[in-house]
Every structure is written in structure tokens, then in C-alpha cells.
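Examination of the molecular architecture
So the chains spell out like this:
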Amino acid sequence: MEHPLIGPLDTLSIDELSTKISDLNKKMSVAQRMGNGHLCNQIRMAIESYQTKHNERLQEMYQKSNQELGKNLDDKIDIQ
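Attention in this report is confined to the structure presented alongside it. Remember, it's a predicted structure, so these values are computed and weren't measured experimentally. For every chain, the first residue of the written sequence is number 1, and numbering continues from 1 onward in sequence order. Predicted model: local features are reported for residues with pLDDT of at least 70 only, side-chain atom pairs are reported and counted for 80 or more only, and whole-chain, interface and lining totals are derived from all residues. Processing note: side-chain calculations cover all non-hydrogen atoms of the structure and skip hydrogens and water entirely.

Turning next to the overall build of the chain. Counting from the N terminus, the helices are DSSP H or I runs at least four residues long and the strands are E runs at least two residues long. Along the backbone of the chain there are two helices and zero strands. The classification of residues rests on relative accessible area computed with a 1.4 Å probe and restricted to protein chains. Under 20% of the type maximum is buried, over 50% is exposed, and intermediate values are partly exposed. Burial analysis of the chain (80 residues in total) assigns 22% to the buried set. Contacts are residue-level and defined by heavy atoms, with any inter-residue pair within 4.5 Å sufficient. Long-range pairs, those at least 24 residues apart, make up 73% of the contacts in the chain with a sequence separation of at least 6. Surface accessibility in these figures is a Shrake-Rupley result with a 1.4 Å probe; residues are shielded only by whichever protein chains are displayed. If you sum the accessible surface of the chain, you get close to 6,300 Å²; carbon and sulfur atoms cover 53% of it.

A few words on the pattern of salt bridges. Definition used for salt bridges: Asp or Glu carboxyl oxygen within 4 Å of a side-chain nitrogen of Lys or Arg. Inspection of the entire model under this criterion finds three salt bridges. Close ionic contact of Asp10 with Lys53 constitutes a salt bridge, the shortest N to O distance being 2.6 Å. Here Asp10, found in the segment before helix H1 (14-34), pairs with Lys53, found in helix H2 (residues 37-76); they are 43 residues apart in sequence, far enough to count as distant. Of the residues examined, Lys53 reaches a relative accessible area of 16% and is grouped as buried. A salt bridge links Asp23 to Lys27, with the shortest nitrogen-to-oxygen separation between them at 3.4 Å. Here the residue Asp23 and the residue Lys27 both occupy positions in helix H1, the gap between them amounting to four residues, near one helical turn. Because the salt bridges share partners, they merge into one network encompassing Asp10, Lys53 and Glu56.

As for its position among the elements, Arg57 is in helix H2. In this structure, Arg57 is buried with no salt-bridge partner, the nearest side chain bearing the opposite charge being Glu60 at 4.6 Å. Apart from the residues within four sequence positions on either side, Arg57 is in contact with Leu9, Asp10, Thr11, Leu12, Ser13, Ile14 and Leu17. In this tally Asp and Glu are treated as negative and Lys and Arg as positive; neither His nor the chain ends contributes.

Working definition of a nonpolar core: buried Ala, Val, Leu, Ile, Met, Phe, Trp, Tyr and Cys residues. They are joined through side-chain atoms within 4.5 Å. Of all hydrophobic cores here, the largest spans eleven residues; its members are Leu9, Leu17, Ile21, Leu24, Met28, Ala31, Cys40, Ile43, Ala46, Ile47 and Tyr50. The residues touching Ile43, leaving out its near neighbours within four places in the chain, are Leu24, Lys27, Met28 and Ala31.

Bringing the environment of Ser65 into the picture now. Along the polypeptide, Ser65 turns up in helix H2. On the basis of relative accessibility, which here comes to 38%, the residue Ser65 falls in the partly exposed class. Polar contacts here mean pairs of N or O atoms no more than 3.5 Å apart (in protein, one a potential hydrogen donor and the other a potential acceptor; neighbouring residues in sequence count only if both atoms are side-chain atoms). A polar atom in the side chain of Ser65 sits 2.9 Å from the backbone oxygen of Tyr62.

In C-alpha cells:
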């Protein structure tokens, strides 16, 4: 479930998303040590939102690199 108060994440880079996820994980550990369950739930939703976008970006990069690799190999390999 995505956090309703997080705005669009399309403008963030993969590195920024990774940094934000790391920061939220640190905040989660503090909230867990304090026993604040409601805050933990909110942070979990935020982490899920950032992780979803991060995974989408990684998938896009993977597909793009595979397409470029396929184009490069099509020119060089001729199997008849």
C-alpha cells in the first residue's frame, strides 16, 4: 500500500530513491525501539512507496540495457 501523503516520485533518481529508503529504514529502527507502532506503520507505507518506484526504475534500466544489447548483437551475429 502506498503512502497517501507522498507526492509523485517520478522526479527522483535511483540514487535519491535509494538514499530515501535507507533513511526511512533508520527511522523505522528508531520507531521500533521506541515502541511506536503507529509510526512504524506509516514508515512502512512510505518505504513501500519508495521501493516500488525504485524497482520500477531498475526494471526500466534492465529492459533498456537488454534492448541495446540485442541491437548490438543483431549486427554482429549472422546465423544461417
